[in-house]
Amino acid sequence: MRWGMVIDLKRCIGCYGCQLSCKAEHGTPPGVFFARLLKQEEGHYPTVRQLFLPVLCFHCDDPPCVDVCPTEASFKWPEGVVDIDAEKCVGCRACMMACPYTQRYFYDEEQYYFPGNGATPYEKARSQRHQTGVVMKCNFCRDRVIAGKEPACVANCPAVARYFGDLDDPTSEVSRLIKERGGYTLHPELGTGPAVYYLPT
Amino acid sequence: MTAISGRYEQLIQDLKVEYRPQREWIERQGLFLIVGHFLSGVAAGTWFFSLAFGLHAGLAAAYALAAVSGLAHLAFLGRPERFWKMWRARNSWIARGFVGLTLFLTGGLLYLLPLFFSNTPWSSASFMAKSGYYISIAGMIILLLYKGFVYASSKGVPFWTSPILPALYVAYALRGGVAALLLILALTGDGLSHERLGPLELWIGLSAAVMVLFYLGVMSGANPVARRSVYELVRGRVAVSFYVGTLIVGLAVPIVLGLAGAAGSISTVTVAAIALASVVGDFFIKYTIAKAGIYIPLRPRPAHSRVAAGH
């Protein structure tokens, strides 16, 4: 089994729902984005179009971030999810330099979103879940998936542009979409084998 | 708990640009990593040449530099209290560096103590001291090598992923070692004659200059991201540090003074100037190469496009 995600760029409307639902699910502090949306404008007036590219950790099959970690804090679960054991992380940030997709963030000090007002009750609760001085990243909402739910960004996408499933199962929806719609990964030339595929616009 | 910091604002700006600079290994705490790399390189080089020339003061200086470099590395870590967990040397060059520093400090202590203190339980001819000697050499070799490979294994920053970089860092570490010995010679006035070290410094300095140019030449012909880093180095935001620190102070000054010294007699002040300039250059080569590092953009940029990022 290898968990994977397919993002249909034809359906994505650039609403930031994935980014916000991820923030709500994980309570990530300012400066930490497990899911993000890139927007890109292409062309010249009047023939301009806007492209959206939602990104998250690509959960590579051969993750460079795991190899460089000096403490085994970065590791892979059997289902292919690349994760960080915060208790082992020393905060050397080598994984951030090794990740070709820049999907890791260093949480150096506690911060909150409303300067002058102090931490909200939600932020206080959230800060208990995260350690400072360590690197953070997406883990495909592993706890949710084990509990039988979809990752937050998939479950909350209003355009149904995201699909989650088993890449090793040729009958799964993600495998079918990749095959039928020509799913592709970013920077395949690096040989990292990402588990996040995009369907063309 | 603090409010949203300038660091956050900086990150948001960085996420909007196509060529996002790496900041974790150069800014704020990151500067300690550069200092640690610089000091450990000079320490290993100084140990190597001090052993070769039998200079006890150099050995002591190398040991002190390595110890300070360890502290600098600790200051860099987000969780320094967990440093002892860094033993996964199978794949990680950082872990190898940690092992190397541990070997160097342990072996060096065993070797140095009887050299400087007569009342130690073991003598300098004992098995303990000889073991320390070989352990420290093993640590020294790792310290010479590991830094370049730490950068070269960083796949996210194409400017660093070159086999030339480890060789360049070894050359600079050796040069730093000669420079440290010259400095000791100038300060103490005893030990070696600089006639022996001067040509060595000049030769390593010239080699380093050739390697810097070779490295930049290769990377400027590599992929667009590495080319962008070269651009940052020679014409962009790192240019002042590169020209002043690395090229003028670090290479031109020692080479010119070294050539002038080779042509005639050389004063102690000049020897000290060559050494100091070389050491400054050693620091700045590491500083500028780290600062010029740029992450791979998430996707190739089509013509006439502009990228934005939500936050």
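Shown above is the structure to which this text applies.
Residues numbered from 1 in each chain as written. Chains lettered and ligands numbered in written order. Predicted model: local features only at pLDDT ≥ 70, side-chain atom pairs only at ≥ 80, totals over all residues. Heavy atoms only, no water.

**Q** Just checking my understanding: could you explain the overall build of chain A for this structure?
**A** Within chain A, the secondary structure is distributed over 7 helices and 9 strands. Taking 201 residues into account, the globule formula puts the C-alpha radius of gyration at 17 Å, and chain A, at 17 Å, falls close to it. A principal-axis box enclosing the C-alpha atoms of chain A has dimensions of 45 × 40 × 35 Å. Burial status across chain A gives 62% buried among its 201 residues. Within chain A, contacts between residues at least 6 apart in sequence are counted, and of these 61% link residues at least 24 apart. Carbon and sulfur atoms provide 53% of the accessible area of chain A, an area that totals close to 8200 Å². Charged side chains of chain A number 22 positive and 24 negative; the gap between the two group centres comes to 5 Å. (Helix = DSSP H or I, 4+ residues; strand = E, 2+ residues; numbered from the N terminus. Rg over C-alpha atoms; globule rule 2.2 N^0.38 Å. Buried < 20%, exposed > 50% of the residue type's maximum accessible area, 1.4 Å probe, protein only. Contact = heavy atoms within 4.5 Å. Areas by Shrake-Rupley, 256 points an atom, 1.4 Å probe, with all protein chains shown as cover. Lys, Arg positive; Asp, Glu negative; His and termini not counted. Charge placed at Lys NZ, Arg CZ, Asp CG, Glu CD.)

**Q** Before we go on, may I ask you to explain the layout of surface pockets in this structure?
**A** Each pocket or cavity is described by its volume, and for the largest pocket that value is around 550 Å³. Elements represented by at least two residues in the lining of the largest pocket include exactly helix 1 (17–26), strand 5 (82–84), strand 7 (134–136) and helix 5 (142–146) of chain A. Of the residues belonging to the lining of the largest pocket, the class tally is 9 nonpolar, 4 polar and 8 charged. Of the pockets and cavities examined, the second largest pocket occupies roughly 380 Å³. Elements supplying a minimum of two residues to the lining of the second largest pocket: helix 2 (30–53), helix 3 (56–76), helix 4 (93–116) and helix 5 (127–152) of chain B. (1 Å grid on protein atoms, 1.4 Å probe; cavity = no way out; pocket = protein on both sides within 12 Å on 5 of 7 lines; lining within 4 Å. Points joined across faces, edges and corners; volume = space filled by probe spheres on them. Nonpolar A, V, L, I, M, F, W, Y, C, P; charged D, E, K, R; others polar.)

**Q** In this structure, what is going on with the interface of chain A and chain B? I would like to understand it.
**A** The accessible area lost on association of the parts is a frequent measure of interface size. Counting from both sides, the interface comprises 61 residues of chain A and, opposite them, 52 residues of chain B. Across the chain A to chain B interface the summed buried area is about 4900 Å²; carbon plus sulfur atoms make up 55%. Counting across the chain A and chain B interface gives 3 salt bridges. When the shortest N-O distance is used, the salt bridge between arginine 28 of chain B and aspartate 108 of chain A registers 2.6 Å. Linking chain A to chain B there are 19 residue pairs in polar contact (both at pLDDT 80 or more). Elements with a minimum of two residues in the side of chain A that touches chain B: strand 2 (35–44), strand 3 (47–56), helix 2 (64–68), helix 3 (94–98) and strand 6 (105–107) of chain A. (Buried area = accessible area lost by both parts, 1.4 Å probe. Salt bridge = Lys/Arg side-chain N within 4 Å of Asp/Glu carboxyl O. Polar contact = N/O pair within 3.5 Å; in protein donor to acceptor, adjacent residues only side chain to side chain.)

**Q** What is the right way to read the packing of aromatic side chains from this model?
**A** Within a pair of aromatic rings, the relevant descriptors are the distance that separates the centres and the angle that separates the planes. Residues and elements named next belong to chain B. Under the counting rule described, the total for this entry stands at 27 aromatic pairs over all chains. Arranged with centres 6.5 Å apart and planes meeting at 20°, the rings of phenylalanine 49 and phenylalanine 53 form a pair that is stacked. With phenylalanine 49 and phenylalanine 53 both in helix 2 and 4 residues apart, the pair spans about one turn of that helix. Residue classification places phenylalanine 49 among the buried residues on the basis of a relative accessible area of 7%. Following the ring pairs from residue to residue traces out a cluster consisting of Trp47, Tyr63, Phe104, Tyr111, Tyr133 and Tyr134. The ring of tryptophan 93 is capped by arginine 96, whose NZ or CZ atom sits 4.4 Å from the centre of that ring. Positioned above the aromatic ring of tyrosine 169 is the side chain of lysine 286, whose terminal nitrogen or guanidinium carbon lies 5.2 Å from the ring centre. (Phe/Tyr/Trp six-rings, centres within 6.5 Å; stacked < 30°, edge-to-face > 60°. Lys NZ or Arg CZ within 6 Å of the ring centre and 35° of its normal.)

**Q** Can you walk me through the nonpolar core in this structure?
**A** Considering soluble globular proteins, one finds that nonpolar side chains tend to be buried as a cluster. One finds Trp25, Phe159, Trp160, Leu168, Tyr215 and Ile289 of chain B to be the most contacted residues of the largest nonpolar core, which totals 83 residues. Of all the elements, helix 6 (residues 164–188) of chain B adds the most residues to this core, at 15 residues. Non-local contacts of isoleucine 289 of chain B, meaning those with residues more than four positions away in its chain, are made with Phe159, Trp160, Leu165, Leu168, Tyr169 and Tyr215 of chain B. In terms of nonpolar packing, the next biggest core, distinct from the first, is built from 37 residues, Val32, Phe33, Tyr105 and Met136 of chain A among them. (Core = buried A, V, L, I, M, F, W, Y, C linked by side-chain atoms within 4.5 Å.)

**Q** Can you help me understand the packing of helix 2 of chain B against helix 5 of chain B in this one?
**A** Between two packed helices, both the angle of their axes relative to each other and the distance between the axes serve to describe the pair. Residues and elements named next belong to chain B. Interaxial distance between helix 2 and helix 5 falls to 9 Å at its minimum, and their mutual angle equals 140°. As judged from the angle between their axes, helix 2 and helix 5 are oblique. Of the two elements, helix 2 crosses helix 5, and the hand of that crossing is left-handed. Contacts between helix 2 and helix 5 involve Ile34, His37, Ser40, Gly41, Ala44, Gly45, Trp47, Phe48 and Leu51 from the former and Tyr133, Ser136, Ile137, Met140, Leu143, Leu144, Tyr146, Lys147 and Tyr151 from the latter. Within the contact of helix 2 with helix 5, the residues separate by chemical class into 12 nonpolar, 5 polar and 1 charged. (Axes fitted to C-alpha atoms, helices over the stretch in contact; angles between N-to-C directions. Parallel < 35°, antiparallel > 145°, perpendicular 65-115°, else oblique. Left-handed = near helix turned anticlockwise from the far one by under 90°.)

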